[in-house]
Amino acid sequence: MRKINVLTFMTLDGVMQAPGGPEEDPSSGFRYGGWTVPYFDDFLGQTMGEQMTKPFDLLLGRKTFEIFASYWPQHEDEWPGINSVTKYVASNTLTSHEWSNSVFLRGNVAEEVKQLKQQEGPDLQVHGSAHLIQTLLKHDLVDEFWLKIFPLTLGTGKRLFAEGTLPVAFTLHEAKTSPAGVIVASYKRAGEVRTGSF
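Numbers given to residues run from 1 along each chain, matching the order in which its sequence is written. Owing to the predicted nature of the model, reporting of local features is limited to residues with pLDDT of at least 70; listing and counting of side-chain atom pairs is limited to 80 or more, with chain, interface and lining totals taken over all residues. Here the side-chain values reflect all heavy atoms present in the structure, with hydrogen atoms and water set aside.

Okay, the sheet that holds strand β4 (residues 102-105) next. By definition, two strands form a pair when at least two bridges between them are found by DSSP. Going along the chain from the N terminus, every DSSP run of H or I of four or more residues is numbered as a helix, and every run of E of two or more is numbered as a strand. Pairing is mixed across the open sheet formed by eight strands, whose spatial order is β4-β3-β2-β5-β1-β6-β8-β7. At either end of the open sheet lies a strand with only one pairing partner, and these are β4 and β7 (170-177). Strand after strand, the sheet turns through a mean of 20° between neighbouring axes, direction not considered. In this structure, strand β3 (residues 87-90) lies alongside β4, joined through four bridges in parallel fashion. Among the inter-strand pairings, Val89 is bridged to a residue of β4, identified as Phe104. Between N-to-C directions, angles cover 0 to 180 degrees, with each direction set by a line fitted to C-alpha atoms, over the stretch in contact for helices.

Shown next as structure tokens:
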């Protein structure tokens, strides 16, 4: 069975929108695009490199897929193997693309993803894809979070954990901090939420 690993840059208040640049996702008037750039250093570059070179396929929303497809096919030297992995794309409008090994999920995305998880193959990495992540969370399909938590708040923007997130417990698997104060933390699924009293 394949796992779904969500790799996300996020602020202290959970915003994940447009981390890489002003034009990445200005929807709803978001004006802080590129908020990760001042904190990016060799430490984060190495961390991302380690995570992105594990065996994987990609599971992406349409917008993130289009951003990736406009850049990565010409820059495989920066992400070896990116062109040969399978890119599964959740989209109601896009049905084909020239980027090699792109597969488009149609209809009920949650059911399609459940079937993908049952197949043999490498784990599925989700990058960006805010709307798709909400669907995955609502259907309890996320196995691990590989988070980079940046030391700032924005107060507005698309959030990683929005309405519809189910109560699920996770275990901290690994944590380290960059020289710029970015917390890199990996969480693995740990069953149901337990409660108690003091």
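For the rest of this paragraph, the subject is the nonpolar core. Each nonpolar core is a collection of buried residues, namely Ala, Val, Leu, Ile, Met, Phe, Trp, Tyr and Cys, held together in the definition by side-chain atoms within 4.5 Å. Three labels apply to residues, based on accessible area from a 1.4 Å probe with only protein chains included: buried if under 20% of the type maximum, exposed if over 50%, partly exposed otherwise in between. In this structure, Ile4, Val6, Leu59, Val113, Leu136 and Leu160 are the most contacted members of the largest nonpolar core, which totals 25 residues. Mapped onto this core, the elements with two or more residues apiece are β1 (4-11), β3, α3 (109-118), β5 (123-127), α4 (130-138) and β6 (144-150). When residues in this core are grouped by element, the largest group, five residues, is from α4. The contact rule is simple, with two residues in contact once any of their heavy atoms fall within 4.5 Å. When sequence neighbours within four positions are dropped, the list of residues in contact with Val6 reads Val126, Ile133, Val142, Glu144, Phe145, Trp146 and Leu160. Residues Phe56, Val85, Val89 and Phe104 belong to the second largest nonpolar core, which totals 16 residues.

Let us look at the pattern of salt bridges. Counted as salt bridges are all cases of a side-chain nitrogen of Lys or Arg within 4 Å of a carboxyl oxygen of Asp or Glu. Going through the model one piece at a time under the given rule, you end up with nine salt bridges. Between Arg159 and Asp13 there is a salt bridge whose closest N-O contact spans 3.4 Å. With Arg159 in the loop between β6 and β7 and Asp13 in the loop between β1 and α1 (42-52), this residue pair connects regions lying 146 residues apart in the sequence. On the accessibility criterion, Arg159 (29% relative accessible area) is partly exposed.

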